[in-house]
Amino acid sequence: ATPSPTLAAAGDVLVLNPATALTAEERAMRVKLLAAAPEVATAWAVVEAFRRLVRTRDRAALDPWFGQAEVSQIPELRAFAANPGETKRHWKRR
């Protein structure tokens, strides 16, 4: 069954926001969500790794991250990793 728009939006808040932007209750719900949905947990971990390398400007971690995303079981991550050109061009300009 497809989740309701309200439920989907709540899931987006739990998964897309950094822990510092969540309440203690939301952080606990995220832990439960990630435990119940391995594919979501995997995607979250890969996205968090990307967020971390961008925040720290860790250029050395960029290619390995794209390599990890390319072999992901998550189609959206593979699609993003399949066309890294713009992301890499942006990093080279900095």
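Before reading further, recall that the structure is shown in the block above.
In this text, all values refer to a predicted model and were calculated from it rather than measured experimentally.

> How would you sum up the overall build of the protein? Please name residues and give values.
A count of helices and strands for the protein gives six helices and zero strands. Across the protein, helices and strands are ordered from the amino to the carboxyl terminus as α-α-α-α-α-α. Counting all 94 residues of the protein, 23% fall into the buried class. Looking at the protein alone, contacts between residues at least 24 apart form 38% of all its contacts between residues at least 6 apart. Surface accessibility of the protein: about 6,600 Å² in total, with carbon and sulfur atoms responsible for 61%.

> Describe the layout of surface pockets, and please don't skip the residues or the numbers.
In this approach a probe as big as a water molecule rolls over the atoms, and the regions it shows empty are the leftover space. The computed volume of the largest pocket comes to approximately 300 Å³. Together, Val15, Leu16, Glu39, Val40, Ala43, Trp44, Val47, Ile74, Pro75, Glu76, Leu77 and Phe80 line the largest pocket. Of all the elements in the fold, those that place two or more residues in the lining of the largest pocket are α1 (5-16), α3 (38-56) and α5 (75-81). It is α3 that provides the largest number of residues to the lining of the largest pocket, a total of five residues. Classifying every residue of the lining of the largest pocket gives ten nonpolar, no polar and two charged.

> Talk me through unusual backbone geometry; I want residue IDs and the actual numbers.
The phi angle at Arg57 is positive, at roughly 55 degrees, despite the residue not being glycine. For Arg57, the location among the structural elements is in the loop between α3 and α4 (62-70). What makes Arg57 exposed here is its relative accessible area of 55%.

> Provide a residue-level description of the pattern of salt bridges, including the pertinent values.
If you walk through the whole model with that rule in mind, you get one salt bridge. We note a salt bridge from Arg51 to Glu48, for which the minimum N-O separation is 3.0 Å. Residue Arg51 and its partner Glu48 are located together in helix α3, separated by three residues, close to a single helical turn.

Reading the values: rules and limits
Residues numbered from 1 in each chain as written. Predicted model: local features only at pLDDT ≥ 70, side-chain atom pairs only at ≥ 80, totals over all residues. Heavy atoms only, no water. Helix = DSSP H or I, 4+ residues; strand = E, 2+ residues; numbered from the N terminus. Buried < 20%, exposed > 50% of the residue type's maximum accessible area, 1.4 Å probe, protein only. Contact = heavy atoms within 4.5 Å. Areas by Shrake-Rupley, 256 points an atom, 1.4 Å probe, with all protein chains shown as cover. 1 Å grid on protein atoms, 1.4 Å probe; cavity = no way out; pocket = protein on both sides within 12 Å on 5 of 7 lines; lining within 4 Å. Points joined across faces, edges and corners; volume = space filled by probe spheres on them. Nonpolar A, V, L, I, M, F, W, Y, C, P; charged D, E, K, R; others polar. Salt bridge = Lys/Arg side-chain N within 4 Å of Asp/Glu carboxyl O.

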